[in-house]
Amino acid sequence: MNLFKFIEAVGVFAFALSGLVEARRRDMDLVGLFVVALVAAFGGGTLRDLLLDRTPLFWIEHDSYAIAILGLSTIFALLPVTGRFPPVVLLIADALGLGLFSVAGAGYALEAGTSLFIAALMGTITGTFGGVIRDVLCNELPSLFQQTPLYATCAFAGCYFYFLLTHLALPGELAVWITTFGITAFRLAAVRWNWVLPVSRH
Amino acid sequence: MNLFKFIEAVGVFAFALSGLVEARRRDMDLVGLFVVALVAAFGGGTLRDLLLDRTPLFWIEHDSYAIAILGLSTIFALLPVTGRFPPVVLLIADALGLGLFSVAGAGYALEAGTSLFIAALMGTITGTFGGVIRDVLCNELPSLFQQTPLYATCAFAGCYFYFLLTHLALPGELAVWITTFGITAFRLAAVRWNWVLPVSRH
Amino acid sequence: MNLFKFIEAVGVFAFALSGLVEARRRDMDLVGLFVVALVAAFGGGTLRDLLLDRTPLFWIEHDSYAIAILGLSTIFALLPVTGRFPPVVLLIADALGLGLFSVAGAGYALEAGTSLFIAALMGTITGTFGGVIRDVLCNELPSLFQQTPLYATCAFAGCYFYFLLTHLALPGELAVWITTFGITAFRLAAVRWNWVLPVSRH
């Protein structure tokens, strides 16, 4: 499970970084940096677990991620590090996090006995709602809801692809990996070729 | 229980429509339309259930409403349908939803063993907080908190009226219906004659 | 335990007042005043209990605080009372609430079996997140995240000070009191001498 742990860490830190960048843009102090980063990293999974009544929460039971995010926030608060991360690296890390979190979230929902549609929704919430709560705390219209390259759509479609793979009796771990990288590739392609959902004019 | 299911559907769709209209006003894409509509429809009941620790959540156990709202959101995303609903129809449907959701929410709270005051509060939350979370996600000051025609007040007073009716030993279902239509009529009268709560000047 | 009940009441009303003042500034009606005051007073403890899966919620089981806040909100809605409270009194009451809520929240977290770091985080959430949700409902960037005199930092450091005192085998109640007044003094000193966390420039 080393690859799983590695991608999990990549996803958590990519999401936390997205929070740190937003918080820095608003001149927040360490408290704001830490809270927004923590929410961006674990908000989606936390909302999913509250909705499904799963306990205990991952970041409460395993506090090393929260401690690491506090350390990262301290660095951001003290040093002018913003902008030092090449955008393409952030984009790939975020897309990996989106892929892994979404498929993991859908799996937890199925374990809790939901329908496929609700499981796909919970997977998508896991992958995307940290960013929504981050934007709400930063007093912004959530970027997830705006006409930007496909993000939630990649997660949602990916969850159904995962159900198809498991229906075809693929070994569970293999299905998780194929889906994780499938969602990641779908997201990166959406950014590369600017795939957006249509918005009808008023 | 056919009338109950009918009014429930009317309320859910009226609340979802309120979300779709707000989301369209901000040029959100399908993801935004769907999330804001779902939150407007089920946010109040979800918050009540989280606060009372009731599980599983209605819209998670019965996914047909969520699927229908996705369908409705898709129509809104593709077609220029906003504004095609006569405001008076939306107003009546919303008032019916407010009435039914509030009395149902108060009933669930009493089942969970709360005091009458808390039950009235939970009923009001059920009927009104979908709109509050909708407005927060749309980065707006919640309209519920502003000096607009009575809305939460109709729900709160209606819940106490419901407690009175059941105290008078009316059959439960009859009390639900009288209260639902009572709250609806109260709300419509408040809009018609512009009844507002006083706000003292600074 | 009379002093405990007294400080608890002082803290609840100080937090509720902070909500009422914010809500009045936005010309909210009674509904807005009450909701924002209730959220400011109990939002932090409610979030902590949802995250730790503790039930029932304090303000739901004991409804006298909620009723009292409704009464206070009614006074604010009808009379031009804003600004009648000397700022220094509000500041001290708020600092007392911060101290007591934080140490109590950390204690509940430890009871629920969390690590020290998570317990300090839960204590800080208890003391500070009512204000964050208040600001989000008022469509403001949360003041907690901005470069203002130390607030969350006092709570977080105070929680670790509390763990140290109990580790030194001080009687539980004594440790609670020393910490409560310690956090209060720390907060007041931070305001007096304008202690802020550093923010690196871009």
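On a predicted model such as this, the values are computed, not experimentally measured, just so you know.

1. A few points about the overall build of chain A
At step 1: Scanning chain A for helices and strands turns up 8 helices and 0 strands.
At step 2: Ordered by position from the N terminus, the helices and strands of chain A form the series α-α-α-α-α-α-α-α.
At step 3: The C-alpha radius of gyration of chain A comes to 17 Å, within 12% of the 17 Å expected for a compact globule of 202 residues.
At step 4: Per-residue burial over chain A gives 52% buried out of 202 residues.
At step 5: Put simply, of all contacts in chain A between residues at least 6 apart along the chain, 73% involve residues at least 24 apart.

2. Here's the deal with the interface of chain B and chain A
At step 1: Listed by partner, the interface residues are 26 residues for chain B and 26 residues for chain A.
At step 2: Within the residue set of the side of chain B that touches chain A, elements represented by two or more residues are α2 (30-52), α4 (64-78) and α6 (116-137) of chain B.
At step 3: When residues of the side of chain B that touches chain A are assigned to their parent elements, the largest contribution, 6 residues, is made by α2(B).
At step 4: Its residues placed into classes, the side of chain B that touches chain A shows 18 nonpolar, 4 polar and 4 charged.

3. Some points on helix α6 (residues 116-137) of chain C
Residues and elements named next belong to chain C.
At step 1: Taking 1.5 Å per residue as the helical rise, α6 with its 22 residues ought to reach 32 Å, and the 31 Å between its terminal C-alpha atoms agrees with that figure.
At step 2: Of all the bends in α6, the largest measures some 50 degrees and sits at threonine 128.
At step 3: Summarising burial for α6: 19 of the 22 residues are buried, a large majority.

4. Considering the packing of α2(B) against α4(B)
Residue and element names in this part refer to chain B.
At step 1: At a closest axis distance of 9 Å, the pairing of α2 and α4 adopts a crossing angle of 135 degrees. In this view, α2 runs oblique relative to α4, as classed from their interaxial angle. Crossing angle aside, the handedness with which α2 passes α4 is right-handed. Packed against α2, whose contacting residues are Leu30, Leu33, Phe34, Ala37, Leu38 and Ala41, the element α4 presents Ala66, Ile69, Leu70, Leu72, Ser73, Thr74, Phe76 and Ala77 at the interface.

5. What about the environment of B:Pro149?
All names here are of chain B.
At step 1: Along the chain, the position of proline 149 falls in the loop between α6 and α7 (152-167).
At step 2: Here proline 149 falls in the partly exposed class, since 17 other C-beta atoms lie within 10 Å of it.
At step 3: When the C-alpha positions of proline 149 and leucine 188 are compared, they lie 9.2 Å apart, and in sequence the two are 39 residues distant.

6. Describing the packing of helix α2 (residues 30-52) of chain C against α6(C)
All names here are of chain C.
At step 1: For the pair α2 and α6, interaxial distance at closest approach is 7 Å and the crossing angle is 130 degrees. Classified by the angle their axes make, α2 and α6 are oblique. In the packing of α2 onto α6, the handedness of the crossing is right-handed. Facing Val36, Val39, Ala40, Ala41, Phe42, Gly43, Gly44, Gly45, Leu47, Arg48 and Leu52 of α2, the residues of α6 in contact are Met122, Ile125, Thr126, Gly127, Thr128, Phe129, Gly130, Gly131, Ile133, Arg134 and Leu137.

7. A few points about the relation of the copies chain C and chain A
At step 1: Once chain C has been moved 0.0 Å along the axis and rotated by 120 degrees, it coincides with chain A to within an RMSD of 0.0 Å. Overall, the copies show the geometry of a three-fold rotation axis. Identified as the residue of chain C closest to the rotation axis by C-alpha distance is C:Asn139, at 3.8 Å.
At step 2: An asymmetric contact is evident, with only 12% of the interface residues of chain C recurring at the interface of chain A.

8. Describing the relation of the copies chain B and chain A
At step 1: Mapping chain B onto chain A is achieved by rotating through 120 degrees and translating by 0.0 Å along the same axis, at an RMSD of 0.0 Å.
At step 2: The residues that chain B uses at the interface reappear at the interface of chain A in only 12% of cases, marking distinct surfaces.

9. Here we look at the interface of chain C and chain A
At step 1: Each partner contributes residues to the interface: chain C has 26 residues there, and chain A has 26 residues.
At step 2: Mapped by element, the contributors of at least two residues to the side of chain C that touches chain A are α2, α6 and α7 (152-167) of chain C.
At step 3: Split by residue class, the side of chain C that touches chain A holds 15 nonpolar, 8 polar and 3 charged.

10. Notes on the nonpolar core
At step 1: Ranked by internal contacts, the top residues of the largest apolar core, which has 203 residues, are A:Ala37, B:Ala37 and C:Ala37.
At step 2: Apart from residues no more than four positions distant in its own chain, C:Ala37 is found in contact with C:Ala16, C:Gly19, C:Leu20, C:Ala23, C:Ile69, C:Leu72 and C:Ser73.

11. Focus on the environment of A:Asp94
All names here are of chain A.
At step 1: Within the secondary structure, aspartate 94 is located in helix α5 (residues 87-111).
At step 2: Classification of aspartate 94 by C-beta neighbours within 10 Å gives buried; the count is 24.
At step 3: As for aspartate 94 and valine 10, which are separated by 84 residues in sequence, their C-alpha atoms are 8.0 Å apart.
At step 4: When near neighbours in sequence (up to four residues on either side) are disregarded, aspartate 94 contacts Ala14, Phe15 and Ser18.

12. A look at unusual backbone geometry
At step 1: Residue A:Pro56 follows A:Thr55 across a cis peptide bond; omega there is -10 degrees.
At step 2: Mapped onto the fold, A:Pro56 is located in the loop between α2 (30-52) and α3 (58-61).
At step 3: The phi dihedral of A:Asn194 is positive, around 55 degrees, even though this residue is not glycine.
At step 4: Looking at where A:Asn194 falls in the secondary structure, it is placed in the segment after α8 (172-192).
At step 5: Judged by C-beta crowding, with 9 C-beta atoms within 10 Å, A:Asn194 ranks as exposed.
At step 6: Of note in the backbone geometry, B:Asp53 takes a positive phi value of approximately 60 degrees without being a glycine.
At step 7: As for its placement among the helices and strands, B:Asp53 is situated in the loop between α2 and α3 (58-61).
At step 8: You can call B:Asp53 partly exposed: it has 16 C-beta atoms within 10 Å.

Calculation notes
Residues numbered from 1 in each chain as written. Chains lettered and ligands numbered in written order. Predicted model: local features only at pLDDT ≥ 70, side-chain atom pairs only at ≥ 80, totals over all residues. Helix = DSSP H or I, 4+ residues; strand = E, 2+ residues; numbered from the N terminus. Rg over C-alpha atoms; globule rule 2.2 N^0.38 Å. Buried ≥ 20, exposed ≤ 12 C-beta atoms within 10 Å, placed from the backbone. Contact = placed C-beta atoms within 7 Å. Nonpolar A, V, L, I, M, F, W, Y, C, P; charged D, E, K, R; others polar. Expected span 1.5 Å × (residues − 1). Bend = angle between axes of the 7 residues up to and from the residue. Axes fitted to C-alpha atoms, helices over the stretch in contact; angles between N-to-C directions. Parallel < 35°, antiparallel > 145°, perpendicular 65-115°, else oblique. Left-handed = near helix turned anticlockwise from the far one by under 90°. Least-squares fit on C-alpha atoms with pLDDT ≥ 70 in both. Core = buried A, V, L, I, M, F, W, Y, C linked by C-beta atoms within 7 Å.

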